Amino acid sequence: MSQLYADIIIDISHEAIDKTFQYKIPEDLEDVLEVGMQVFVPFGQYNKRRKGYVIGITDRASFEIDKMKEISDISDKSLKIEGQLIKLAFFIHTNYGSTMINALKVVMPVKERINKKAPAFITEAPDFNMEQVDSLNEEQNKIVDEFKQDFSNGIYKTYLLHGITGSGKTEVYINCIRKVIEQHRQAIVLVPEIALTYQNVARFKQYFGDRIAVVNSRQSKGERYREFERVKAHEVDVIIGPRSALFAPCDNLGIIVIDEEHDAAYKSDQSPKYHAREVALERARLAGASVILGSATPSMESYMQAKLGHYKLWQLSARPKGAALPDVSIVDMREELHLGNRSIISSELHNAIEKCVEKKEQIMLFINRRGYNSFVSCRECGEVIKCPKCDVSLSLHDNGFMMCHYCGHTERKPKECPKCRSKMIGGFGTGTQKVEQEIRKLFPNAKTLRMDKDTTTRKGSYESIINQFVNRKADILIGTQMIVKGHDFSNVTLVGILLADISLFSNDYRSGERTFDLLTQAAGRAGRSDKEGRVVIQTYQPEHYAIATVKKQSYEDFFDMELSYRRLMKYPPVYNMMVMLITSGDYDFLVKESENISKKIKTFSEEHVGIKIIGPADASIVRINDIFRRVIYIKSDDLGRLRKIRETFDNYEQDGISIMFDVNPVNMY
Ligand code: ADP
Ligand code: ZN
Ligand code: ZN
C-alpha cells in the first residue's frame, strides 16, 4: 500500500480553515484514521504536541515528503462534535461538488465579537391566539406515542408527517421534542426563513421557555455566534432557525425537525449548493438521531421515499379545533372576461369579500407572483426596458425606480419611450400595489394592509404588519407568497387567490409542484378556527391538474399525476439530474468550450451506459452582469455516475471559463 497523507487543521474555526498542514499517516493508523478525527501532531519549530483535526486523506503529497512530519497518535476515536461537523462538510464536498475548504466554511460559524447586548428576538409580545394545547387529539397522540416508543428503544428513523394545513403539526413536533429533552438530548428545528415568525417561535417559547436559541438571517454574525455558544454550553435544548441552524454545535443531538420540508429555501442558493434536508439526514445518521419532516404538501422526493417504505409515513387528516377544510371554488377568468368583467376581481370574489367585511371577518388576498415581476413597457411600440448588463427586464418599484433583480442595476423610470419617444410608457403586470389600489376603490370602507418585498425592507416591518392584522387593525391583508406560510389567523375566513396559474409558466420542471404547494398553503389560511372558511381561486387554466387537485384538496391525486410526468420526462425524484452551468465573459468562446466539455462527457457516457445528456444550450437567462451562461443537463438513475462525471472536472482549469454544478436543482438555469 502506498503512503497516505492527512490534511490537518490545528485551530478549528471559520477564520483558520484555510491553514491546513499535511502529515504522513503512520502505517498502524492507516486503517483506523477517518476524516473528522482528532489527532496529536508535532507542530512548529519545537515540535510542540498539538491537537488537530483530519479534514482529508489522500495519496498525493502536497510538499516534500522528506520534510513532512508524521501524526503522533489519535487523541479520540469517537467523533467529537467538531469531528461530526467536519464529516458533514466532507459529505457536502463529495455530494455537491465544492472544495473541502468551502464546505467547511459552510459548517463552521464565523466568530465575531459583539459589544452591545443584542435585542431579544421577541421584543413585543403579540396578542396571538396562544392558549396552550394540553389534550392532543387521537391522531396526534398515536403519532407521538409511536415516536416515544421508538426513541426509548433507541430506534432512530426518518418520519414524514403529512398533515393538512392547520392539523396541528407543531404540537406533534413539540411533544416529540419533549421526549428527546427528557432523555437529555438536544433538538434542531429548521423552518423556512419566512416562517420564522413571532408566532412560531412564541409557541416554542411557551413550552421550552428560555431554553431555546433562535437564529435568523437578520442577525449579525456575532449574534448568531452567541446563540451557537449557548448551544455548546448546554444552556439550550432547542435551536430554531433556517438552514444554517443545521450546523449548530449540539453534541448530544436527538432529533432534527424540518418544518415545511418541501420549501425551496432549504436548498442553498450559493455554491456548494447543498440541500438542508439531505444534509440533515446525514447529520442525524452521524449523531444517531431521529428526523421528522413535516408538510401539508410534501416534496415529491420525500413522499416517494415514504411510499417506498424508507421513511415512516404519518398522516394528520383533520383540524383539531373541529374546523373543516375550507370550501374551494375556482373561477375561470376567461369566462369572466366574456361576461364583460374587466376587473382583476371576479364577481364571485367580489361578493365574498363584501359578505366577509360585513361580518367583521378577515380576508387574505394572495397574488401569486412567483417568478414574475411588473416590468415597464411602451404601449405604442411595445419596447420593454431591459437591464443593460443582463437579459432580463427591469422591475418597477414603488419609488419610481426600476431595478434588475439579478445584478442590482437601478435607474429611474423614463418619462418617455427610449425607442419611439411616446409618453405612453408605464408599468405592466399586476402587482400587489395595483391590487391594493383597486380594492380600496371597490371597498372604500375596508381597511387594507399590504405585505411584499417593498413594504418589508425595514427591520421589524414584517412583524409589525402581522401584528396589526392579528389585532384586527385591518380587514384585508394583500400580499405575495410572504403571507402564505405558517400563519395562523383565527379570524380569517376568506382567502382569494389572484393569478393562480402564473407560476405554471416558468420553464421549470417543478412549476406544477410549486403551484400546487402555494395554492394549498394559501387556501389553508382560511377557516382555521371554528368559523367556516372559503377560498376563491382565479385562474385562466382551471383544467390544469395542479389547480384542479387543489380544488379537490387531494395531495395524493396530485402526487400520482406529477410522478408520472417526472417518470416520463426522466426528472427527479425518479431520476437524478445534474446541471452544469458554464460561464464566461466571451460568448463565442463559451459556445466553443461548452461543446468541448459536452464531447468530453459524451465519451464518458459511452463507457457508462445509462446517462442522458441534454445541451449544451443557452441558459434561460443568457447574460447576467455581462457574464454569459450556458448549461448542460446530465441525467442518470445512478447518483454515483453523476458524481464521477463531476469529479473529472474537479481540476478542470481553462482560462476565462468557470463551471458550477447543481445536483437535483430546485430551479432551472
Ligand atoms: P399546522 O402546522 O399543521 O398547519 P398548527 O400546528 O399551526 O397546524 O395548528 C393549528 C392550530 O390548532 C393551532 O392554533 C394549534 O394551537 C391548534 N391545535 C393543535 N393541536 C390541537 C389540539 N389537539 N387541540 C386543540 N387545538 C389544537
Ligand atoms: Zn415606444
Ligand atoms: Zn442586471
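Before reading further, recall that the structure is shown in the block above.
Below is a summary of the structure that appears in this document. All values reported here derive from a predicted model rather than from experimental measurement.

1. Here we look at the coordination of the zinc ion (ligand 2)
Part 1 of the argument: Around the zinc ion (ligand 2), the protein supplies Cys378 (SG), Cys381 (SG), Cys417 (SG) and Cys420 (SG) as donor atoms, at distances of 2.3 to 2.4 Å.
Part 2 of the argument: Counting the intervening residues between successive donors of the zinc ion (ligand 2) yields the motif C-x2-C-x35-C-x2-C.
Part 3 of the argument: Judged by its relative accessible area of 0%, Cys417 falls in the buried class.

2. Thoughts on the layout of surface pockets
Part 1 of the argument: The calculated volume of the second largest pocket comes to roughly 1,200 Å³.
Part 2 of the argument: As for the second largest pocket, its lining consists of 33 residues, and the residues nearest its centre are His93, Ser98, Thr99, Met100 and Asp650.
Part 3 of the argument: Going through the elements one at a time, strand S2 (20-24), strand S4 (48-58), helix H1 (81-96), helix H2 (100-107), helix H17 (639-648) and strand S27 (658-663) are the ones with two or more residues in the lining of the second largest pocket.
Part 4 of the argument: Looking at the lining of the second largest pocket residue by residue, the class counts come to 12 nonpolar, 14 polar and 7 charged.
Part 5 of the argument: The residue makeup of the lining of the second largest pocket includes at least three contributed by each of domain 1 (5-107) and domain 5 (576-664).

3. Observations concerning the packing of helix H14 (residues 545-552) against helix H15 (residues 555-569)
Part 1 of the argument: In contact at an axis separation of 9 Å, H14 and H15 are set at 165° when each is read in the N-to-C sense. Relative to H15, the element H14 is oriented roughly antiparallel. Read as a crossing pair, H14 and H15 show a hand that is right-handed. For the pair H14 and H15, the contacting residues are Tyr545, Ala546, Thr549 and Lys552 in the first and Asp557, Phe558, Met561, Glu562 and Tyr565 in the second.
Part 2 of the argument: Here the residues of the contact of H14 with H15 are counted per class, giving 5 nonpolar, 1 polar and 3 charged.

4. Topic: the sheet that holds S4
Part 1 of the argument: Strand order in the open sheet made by the 5 strands is S2-S1-S4-S3-S5, with antiparallel pairing throughout. Both outer strands of the open sheet, S2 and strand S5 (73-76), are each paired with one neighbouring strand and no more. Strand-to-strand twist in this sheet, taken as the mean axis angle between neighbours without regard to direction, amounts to 50°.
Part 2 of the argument: Pairing between strand S3 (residues 38-43) and S4: 6 bridges, direction antiparallel. Its bridge partner lying in S4, Val41 is registered against Arg50.

5. Quick notes on the site of ligand 1
Part 1 of the argument: Within the structure, ligand 1 sits among 18 residues, and Gln140, Gly166, Lys169, Arg203 and Asp488 are positioned closest to it.
Part 2 of the argument: Interatomic distance of 3.2 Å between a backbone N/O atom of Ser167 and an oxygen atom of ligand 1.
Part 3 of the argument: Interatomic distance of 2.9 Å between a side-chain N/O atom of Lys169 and an oxygen atom of ligand 1.
Part 4 of the argument: Burial of ligand 1 by the protein chains amounts to 87% of its free accessible area of 570 Å².
Part 5 of the argument: Here the element with the most residues in the shell around ligand 1 is helix H4 (residues 169-182); it accounts for 3 residues.
Part 6 of the argument: Taken together, the residues of the shell around ligand 1 break down into 4 nonpolar, 8 polar and 6 charged.

6. Structural notes on the packing of aromatic side chains
Part 1 of the argument: Per the counting criterion, the structure on display carries 19 aromatic pairs.
Part 2 of the argument: Note on Phe247 and Tyr274: the rings are 5.8 Å apart at their centroids and 70° apart in plane angle, and the pair reads as edge-to-face. Of the two residues, Phe247 sits in the loop between strand S9 (238-241) and strand S10 (253-259) while Tyr274 sits in the loop between S10 and helix H7 (276-287), which places them 27 residues apart along the sequence.
Part 3 of the argument: Aromatic ring contacts, followed pair by pair, group Tyr303, Phe516, Tyr545, Tyr555, Phe558 and Phe559 into a single cluster.
Part 4 of the argument: Above the face of the Phe649 ring, Lys600 is positioned so that its terminal group lies 4.9 Å from the ring centre.
Part 5 of the argument: Directly above the aromatic system of Tyr571 lies the positively charged group of Lys635, at a separation of 4.3 Å from the ring centroid.

7. Some details on the coordination of the zinc ion (ligand 3)
Part 1 of the argument: Protein coordination of the zinc ion (ligand 3) is provided by Cys387 (SG), Cys390 (SG), Cys404 (SG) and Cys407 (SG), with donor distances spanning 2.3 to 2.4 Å.
Part 2 of the argument: Coordination geometry of the zinc ion (ligand 3): the 4 donor atoms subtend angles of 107 to 111° at the metal centre, consistent with an arrangement described as tetrahedral.
Part 3 of the argument: All donors to the zinc ion (ligand 3) come from one chain, and their sequence spacing reads C-x2-C-x13-C-x2-C. Taken together, the residues Cys390 in the loop between strand S15 (375-378) and strand S16 (395-396) and Cys404 in the loop between strand S17 (401-403) and strand S18 (410-412) connect sequence positions 14 residues apart. In this structure, Cys390 and Cys404 share a single accessibility class: buried.

Scoring rules and cut-offs
- Residues numbered from 1 in each chain as written.
- Chains lettered and ligands numbered in written order.
- Predicted model: local features only at pLDDT ≥ 70, side-chain atom pairs only at ≥ 80, totals over all residues.
- Heavy atoms only, no water.
- Donors = N, O, S within 2.8 Å, 3.2 Å for Na, K, Ca; no water.
- Buried < 20%, exposed > 50% of the residue type's maximum accessible area, 1.4 Å probe, protein only.
- 1 Å grid on protein atoms, 1.4 Å probe; cavity = no way out; pocket = protein on both sides within 12 Å on 5 of 7 lines; lining within 4 Å.
- Points joined across faces, edges and corners; volume = space filled by probe spheres on them.
- Helix = DSSP H or I, 4+ residues; strand = E, 2+ residues; numbered from the N terminus.
- Nonpolar A, V, L, I, M, F, W, Y, C, P; charged D, E, K, R; others polar.
- Domains from an automatic or database assignment.
- Axes fitted to C-alpha atoms, helices over the stretch in contact; angles between N-to-C directions.
- Parallel < 35°, antiparallel > 145°, perpendicular 65-115°, else oblique.
- Left-handed = near helix turned anticlockwise from the far one by under 90°.
- Contact = heavy atoms within 4.5 Å.
- Pairing = 2+ DSSP bridges.
- Near = heavy atom within 4 Å.
- Polar contact = N/O pair within 3.5 Å; in protein donor to acceptor, adjacent residues only side chain to side chain.
- Areas by Shrake-Rupley, 256 points an atom, 1.4 Å probe, with all protein chains shown as cover.
- Phe/Tyr/Trp six-rings, centres within 6.5 Å; stacked < 30°, edge-to-face > 60°.
- Lys NZ or Arg CZ within 6 Å of the ring centre and 35° of its normal.
- Tetrahedral: all angles 85-135°; square planar, octahedral: opposite > 155°, others 65-115°.

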